[in-house]
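# Close look at the chain arrangement
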Amino acid sequence: MLVKCADCDLLFDPRPSGRGPSRERCDTHVRLRKRELARARDMVNRAKEWGVETELVIAREVFERDAWICHLCGELIPETLRSPRILGGTYEPLAPVVDHVIPLSKGGPHTLQNCRAAHWTCNARKFNIESGVIPPPQEESAKPSNRISRPTGRRCTLDGCERAAASKGLCGAHARRLKRYGDANKVKCGCGCGELVAVAPSVAVAVVYLDGHGVMGGITDLPEVKLKKGLVPQPVSERGRRFHGLTDECQVWSGSKNKMGYGRMYIQVAGQKRRGRVIQVHRLAYELANGEGSAHNLTIDHLCGIPSCCNPNHLEAVTIAENVRRASIVIGACPKGHPYDDENTLYSLNGHRRCRQCSTDVYHIATHGHEFVNDPENRSERRRRCLVCRRREETTPQFCPQGHEYTPENKRIDSKGKRVCQQCLWDRRHIPDFGHPFVPDPDYGSEKRSRCVTCHDAKPERTHCINGHEYTDLTTEYTAKGQRNCVQCRLNAAHLPRHGHEYIIDADNPTKMRRCLVCLEAKQATPQKCPRGHEFTPENTRMNRGWRNCRTCERNRQHRKLFGHDFVADPNGGKRARCGTCLHGALWQRGTSEV
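Residues numbered from 1 in each chain as written. Predicted model: local features only at pLDDT ≥ 70, side-chain atom pairs only at ≥ 80, totals over all residues. Heavy atoms only, no water.

### Points about the overall build of the protein chain
Counted only if it meets this: Helix and strand definitions follow DSSP, with helices as H or I runs of at least four residues and strands as E runs of at least two, each counted in order from the N terminus. The classification of residues rests on relative accessible area computed with a 1.4 Å probe and restricted to protein chains. Under 20% of the type maximum is buried, over 50% is exposed, and intermediate values are partly exposed. Only heavy atoms matter for contacts: two residues are in contact if any of them lie within 4.5 Å across the pair. Working definition of accessibility: Shrake-Rupley area with a 1.4 Å probe, residue cover restricted to the visible protein chains.
Secondary structure summary: the protein chain contains 16 helices and 20 strands in total. Counting every position in the protein chain, which comprises 595 residues, the buried fraction comes to 30%. For the protein chain, the proportion of contacts with a sequence separation of at least 24, taken over those separated by at least 6, is 34%. For the protein chain, the accessible surface area stands at approximately 40,400 Å², while carbon and sulfur atoms represent 51% of it.

### Some thoughts on a positive patch on the surface
For clarity, the cut-off: Only residues whose relative accessible area exceeds 30% and that take part in no salt bridge are eligible for patches, with like-charged residues grouped when within 9 Å of each other and nonpolar side chains (Val, Leu, Ile, Met, Phe, Trp, Tyr) grouped when within 5 Å. One side-chain nitrogen of Lys or Arg within 4 Å of one carboxyl oxygen of Asp or Glu is enough to make a salt bridge. In this charge count, Lys and Arg are treated as positive and Asp and Glu as negative; neither His nor the chain ends contribute. Working definition for charges: the position is that of NZ of Lys, CZ of Arg, CG of Asp or CD of Glu.
Taken together, the side chains of Lys168, Arg176, Lys179 and Arg180 make up a positively charged region of the molecular surface. Summarising the element assignment, Lys179 is placed in helix 4 (residues 172–181). Accessibility expressed as a relative area gives 79% for Lys179, which makes it exposed.

### Let's talk about the pattern of salt bridges
Summed over all chains, the structure comprises 18 salt bridges. Glu316 is the partner of Arg326 in a salt bridge, and the nearest nitrogen-oxygen pair spans 3.1 Å. Taken together, the positions of Arg326 in helix 8 (residues 320–330) and Glu316 in strand 12 (residues 315–318) put the pair ten residues apart, joining distant regions of the chain. Since its relative accessible area comes to 17%, Arg326 is described here as buried. For Glu316, a relative accessible area of 31% corresponds to the partly exposed category. Connected via shared salt-bridge partners are Asp301, Glu316, Glu322, Arg325 and Arg326.

### Re helix 7 (residues 281–290)
What helix 7 keeps buried is the set Val281, His282, Leu284, Ala285 and Tyr286. Gly291 sits one or two positions beyond helix 7 and adopts a positive phi of about 105°.

### Section: the packing of aromatic side chains
Each aromatic ring pair is described using two quantities: the centre-to-centre distance and the angle formed by the ring planes. The following threshold applies: Under the pairing criterion, centres of Phe, Tyr and Trp rings, with the six-membered ring standing for Trp, must be within 6.5 Å; the plane angle then separates stacked pairs below 30 degrees from edge-to-face pairs above 60, leaving the rest tilted. Over a ring means this: the NZ of a Lys or the CZ of an Arg is within 6 Å of the ring centre and within 35 degrees of the ring normal.
Tallied over the full model, the rule gives two aromatic pairs. With a centroid separation of 5.1 Å and an interplanar angle of 40°, the aromatic rings of Phe63 and Trp68 are classed as tilted. On the accessibility criterion, Trp68 (12% relative accessible area) is buried. Here Trp426 and Phe438 contribute two aromatic rings whose centre-to-centre distance is 4.7 Å and whose plane-to-plane angle is 45°, an arrangement assigned as tilted. With Trp426 in helix 11 (residues 422–434) and Phe438 in the loop between helix 11 and helix 12 (453–458), this residue pair connects regions lying twelve residues apart in the sequence. Residue Phe438 is classed as buried on the basis of its relative accessible area of 9%. If you follow Arg353 out to its NZ or CZ, it ends over the ring of Tyr340, 4.1 Å from the centre. The ring of Tyr406 carries Arg419 above its face, with NZ or CZ at 3.9 Å from the centroid.

### Re the state of the cysteines
To keep it simple, the criterion reads: In plain terms, two cysteine sulfur atoms within 2.5 Å form what is called a disulfide here.
Within this structure, the stated rule accounts for zero disulfides. Cys304 provides the cysteine sulfur closest to Cys309, a residue in no disulfide bond, and the two sulfurs are 3.8 Å apart. Residue classification places Cys309 among the buried positions, given a relative accessible area of 0%. With no disulfide partner, Cys582 has as its closest neighbouring cysteine sulfur the one in Cys579, 3.8 Å distant. Residue classification places Cys582 among the partly exposed positions, given a relative accessible area of 26%.

### Digging into the side chain of His430
With respect to the secondary-structure elements, His430 resides in helix 11. Contacts of His430, omitting those with residues within four sequence positions, involve Gly435, His436, Pro437, Phe438, Cys452 and Cys455.

### What about unusual backbone geometry?
Phi is positive for Ala67, close to 60°, though the residue is something other than glycine. Summarising the element assignment, Ala67 is placed in the loop between helix 2 (59–65) and strand 3 (96–100). The phi dihedral of Lys168 falls on the positive side, at around 55°, and the residue is not glycine. Tracing the sequence through the fold places Lys168 in the loop between helix 3 (120–126) and helix 4.

### A look at the side chain of Asn311
Condition: Two N or O atoms count as a polar contact when they lie within 3.5 Å, although within protein this holds only if one can serve as hydrogen donor and the other as acceptor, and sequence-adjacent residues are included solely when both atoms are side-chain atoms.
Here Asn311 lies in the loop between strand 11 (299–302) and strand 12. Within the local environment of Asn311, its side chain forms a polar contact with the backbone oxygen of Glu249, the two atoms lying 2.7 Å apart. Residues within four places of Asn311 in sequence aside, it is in contact with Asp248, Glu249 and Gln251.

### A few points about the environment of Leu11
Positionally, Leu11 belongs in strand 2 (residues 11–12). For Leu11, a relative accessible area of 52% gives the class exposed. Spatially, the C-alpha atoms of Leu11 and Arg25 are 9.3 Å apart, while their sequence positions differ by 14 residues. Not counting residues within four places of it along the chain, the set of residues in contact with Leu11 comprises Leu2, Val3 and Lys4.

### Observations concerning the confidence of the model for the protein chain
Should the pLDDT be low somewhere, the predicted coordinates at that spot are not to be read in detail. We apply this condition: One confidence number per residue, pLDDT, is output by the predictor and ranges from 0 to 100.
Looking at the protein chain as a whole, its pLDDT mean stands at 82, while 86% of the residues score no less than 70. The low-confidence segment residues 133–149 (pLDDT under 50) makes 21 contacts with residues lying over four places distant or belonging to another chain. Counting contacts from residues 215–219, a segment whose pLDDT is below 50, to residues more than four positions away or on other chains yields twelve contacts.

### A few points about the nonpolar core
Put simply, the rule reads: We call a set of buried residues a nonpolar core when its members are Ala, Val, Leu, Ile, Met, Phe, Trp, Tyr or Cys and they connect through side-chain atoms within 4.5 Å of each other.
Within the largest apolar cluster, twelve residues are counted, these being Met43, Val57, Ala59, Val62, Phe63, Trp68, Cys70, Ile77, Val98, Cys115, Ala117 and Ala118. Counting nine residues, the second largest nonpolar core, distinct from the first, contains Ile267, Ile279, Val281 and Cys310.

### Comments concerning the environment of Lys481
Following the sequence through the fold, Lys481 ends up in the loop between strand 17 (476–478) and strand 18 (484–486). Of the residues examined, Lys481 reaches a relative accessible area of 56% and is grouped as exposed. In the structure, Lys481 is positioned 31 residues away from Ser450 in sequence and 8.9 Å away in space, judged by C-alpha atoms. Apart from residues lying up to four places away in sequence, Lys481 is in contact with Ser446 and Arg449.

### Comments concerning the environment of Lys336
Relative to the helices and strands, Lys336 resides in the loop between helix 8 and strand 13 (345–347). For Lys336, a relative accessible area of 63% gives the class exposed. A sequence separation of 19 residues divides Lys336 from Cys355, and the C-alpha atoms of the two residues are 9.4 Å apart.

Here you go:
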């Protein structure tokens, strides 16, 4: 079943979901009703701070009761100027507001009988002065009134103020005014001129104007007038003359500036309820020269490089990317003078340059008390090292967390360039296995392998290998890591399968090559011949680098080429060997020639 809305003639379904209570208003007026109730609750909470009688007052009901007529000036209030609820927003001068006939600061109640419709500007100029309109007698309300009790305890020492004391015998509002302005009964003019206005002691929060300094009027100059008064000419910068060819002077703002050096100005906007707004002076100068909104969503680039310059010829509206690109071309160093080179430049996630030296100094100065100086002798490519810290560490004994001193022998540098204690690395495995710290042996022969003196002295010295061979000078050898091995076992691994007996090292071998004594004796007991059948006798054997050579084969190799027959040694030749065949042939030829 459709019903009619309580605020309009629209027919709607009071229970569209089929659950819950029936609604009295349509969707549009339900939202408006929620806004009205929110406003009404804020008005009640504000009135409770004054300790007066309160009740829920709907502003729209007050306007409709007074037929949208201002009770101060008697003029009609435009219904279309009523703005939504915006905290600190902009209000029209003729916008409708609720005015208390007897102000809350004078003890007036927040009730429907004490509320009247008024223009916003009329209400602001009235301030807390009681109007000549006498409110009608209060009718008995069915709803009981909500009255807040007066504060108890210490009171503010100013006459006329009944609020509780907070500091130095004054309430919070008067203590703040005394600290800021030097007078507890004065506040600043609401137009922004900075003049002080006296207010009653009972007023805690108020916006007060001097005569003629109302919201729409005032002595504040226009923004373009204030801009013209605050400019000071100065010669154009070298950057503007060199990169952009600027010739006219810079117009520098002499007023207030922010931390970046950009000028700012406070302007009063028509219809602003409490304050104006702060704008950047160079953007105002650009829009005055190029039209309002010409710099919308753009950044103003100072071609001259002076942030406080407001000369329109020195300003250009560009995108933020273009502005950053231009700055990177001109600015080659950070504000502290560190150059933006490949090694000293970092880039953030949004593409902005960052000085690596400054980023490092933030931590390094706070921790070590000096700036970071890169060490050119650092071998690590990932981890940088400070030259000052390294020299200080070299001159001062450094210890690991376990108390071991970082000496050249006890220090290692890992792949990340970090210093590691060698003693701690040894103890990490040695203590759980053997129950005592690792004590390196300084007399150990190997440079790559270390051994513990305690363990070496505790165990008996081994004189034989696992196969029973004694460790002698002939049967002992060491690996590259310093491990002792048995030569006898290594030779037997290949000799025993081939010859059927163990390898016995010949101690009387005159050469550097090892030879088996058993094999040598077996060869000496059996006549040995060369591949051509010549027996290896002492006279026919010559040793060369431990190898046995046949002298007859060596002589025949050349003799056969020259004379065409084998070399036959002459037994009567003495120390010098001569061929007997050649000797007899020579004698025969000599005898024939004599005959």
